[in-house]
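Coordinates in review
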Amino acid sequence: LGDDSKEADLQQLQKRLAAKLESKGVTAAMGGADGQEDEYAPSVMDQFESALEAAKVMPHKADLFNKYAEWQAGNMPTTDLVQHIEELYEQRVLETGLFDDWDD
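With respect to the overall build of the protein chain
- Of regular secondary structure, the protein chain possesses four helices and zero strands.
- When the helices and strands of the protein chain are listed from N to C terminus, the series reads α-α-α-α.
- For the protein chain, the residues scored as buried account for 19% of the 104 residues in total.
- For the protein chain, contacts bridging at least 24 residues in sequence account for 27% of all contacts bridging at least 6.

Dropping the structure here:
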C-alpha cells in the first residue's frame with residue numbers, strides 16, 4: 001500500500017476478524033498477514049470475502065439447484081440456465097466473473 005499506517009490497520013482488522021470468528025468457534029487462517037504464517041493459505045480477509053459471497057448466493061441456492069437438476073434431466077434448455085446465471089451475475093449475486101472470458 002505504501003502507507004505503513006494503513007497496512008497496520010489492515011493487520012489489526014485481520015486480527016479482530018480472526019478473534020470474532022474464533023469466539024464463534026470458527027478457526028480463521030491468517031494467511032501471510034504477519035509474515036509468519038503460510039503465505040499461500042487464505043487470509044482471514046479472503047475467508048471473510050468468501051463468506052460474504054456465499055451469503056449473497058444463499059437465497060438463490062435452492063432455485064439454482066432446481067434449475068440445474070431440470071437442465072441435467074433434459075427438461076430445460078441450456079440457454080435458459082445460462083440466462084438465469086447471467087441475471088444473477090448482473091445483479092452482482094455472483095461475483096466470480098463466470099462469463100468474463102467468453103467474449104475473448
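Considering the packing of aromatic side chains
- Scanning the entire structure with this criterion turns up one aromatic pair.
- Ring geometry for Tyr68 and Trp71: centres 5.6 Å apart, planes at 40°, overall tilted. Residue Tyr68 and its partner Trp71 are located together in helix α3 (residues 61-72), separated by three residues, close to a single helical turn.

Brief notes about unusual backbone geometry
- Even without being a glycine, Arg92 presents a positive backbone phi close to 65°.
- With respect to the helices and strands, the residue Arg92 is situated in the segment after α4 (78-90).
- The class for Arg92 is exposed, based on a relative accessible area of 57%.

Details of the nonpolar core
- Of all hydrophobic cores here, the largest spans seven residues; its members are Leu64, Met76, Leu81, Ile85, Leu88, Val93 and Leu94.
- Broken down by element, this core gets its largest block of residues, three residues, from α4.
- Excluding its chain neighbours within four sequence positions, the residues that come into contact with Leu94 are Val57, Ile85, Leu88 and Tyr89.

Quick look at the side chain of His84
- Within the secondary structure, His84 is located in helix α4.
- Not counting residues within four places of it along the chain, the set of residues in contact with His84 comprises Asp63, Leu64 and Lys67.

A look at the environment of Leu10
- Along the chain, the position of Leu10 falls in helix α1 (residues 4-23).
- Take Leu10: its relative accessible area is 36%, and that puts it in the partly exposed class.
- On a C-alpha basis, the gap between Leu10 and Met45 in space is 9.1 Å, while along the polypeptide they are 35 residues apart.

Things to note about the packing of α3 against α4
- Relative to each other, α3 and α4 sit at 160°, their axes nearing to 9 Å. The orientation of α3 with respect to α4, classified from their angle, is roughly antiparallel. Crossing of α3 over α4 shows left-handed handedness. Together, Asp63, Leu64, Lys67, Tyr68 and Trp71 of α3 and Thr78, Leu81, His84, Ile85 and Leu88 of α4 make up the contact between the two elements.
- Of the residues that constitute the contact of α3 with α4, the class distribution is six nonpolar, two polar and two charged.

Cut-offs applied
Every residue gets a number counted from 1 within its own chain, in the order that chain's sequence is written. Side-chain atom pairs in this predicted model are given and counted only at pLDDT of 80 or more, local residue features only at pLDDT of at least 70, and totals for whole chains, interfaces and linings cover all residues. Water and hydrogen atoms play no part in the side-chain values, which are based on all heavy atoms of the structure. Helix and strand assignments follow DSSP, with helices taken as H or I runs no shorter than four residues and strands as E runs no shorter than two, numbered in order from the N terminus. Each residue is assigned to one of three classes by its accessible area relative to the maximum for its type, calculated with a 1.4 Å probe on protein chains only: buried under 20%, partly exposed between the two thresholds, exposed over 50%. Pairs of residues are marked as contacts when any of their non-hydrogen atoms sit within 4.5 Å. Within 6.5 Å between ring centres, the rings of Phe, Tyr and Trp (the latter by its six-membered ring) count as paired, and their orientation is classed by plane angle as stacked under 30 degrees, edge-to-face over 60, tilted in between. Take the buried Ala, Val, Leu, Ile, Met, Phe, Trp, Tyr and Cys residues and link them wherever side-chain atoms come within 4.5 Å; each set so joined is a nonpolar core. Inter-axis angles, ranging from 0 to 180 degrees, are taken between N-to-C directions of lines fitted to C-alpha atoms, where helices are fitted over the stretch in contact. Oblique is the label for any angle not covered by the other classes, which are roughly parallel (under 35 degrees), roughly antiparallel (over 145) and roughly perpendicular (65 to 115). Left-handed describes a crossing whose near helix is turned anticlockwise from the far helix through less than a right angle; right-handed describes the clockwise counterpart. Three residue categories are used. Nonpolar comprises Ala, Val, Leu, Ile, Met, Phe, Trp, Tyr, Cys and Pro, charged comprises Asp, Glu, Lys and Arg, and polar comprises the others, including Gly.

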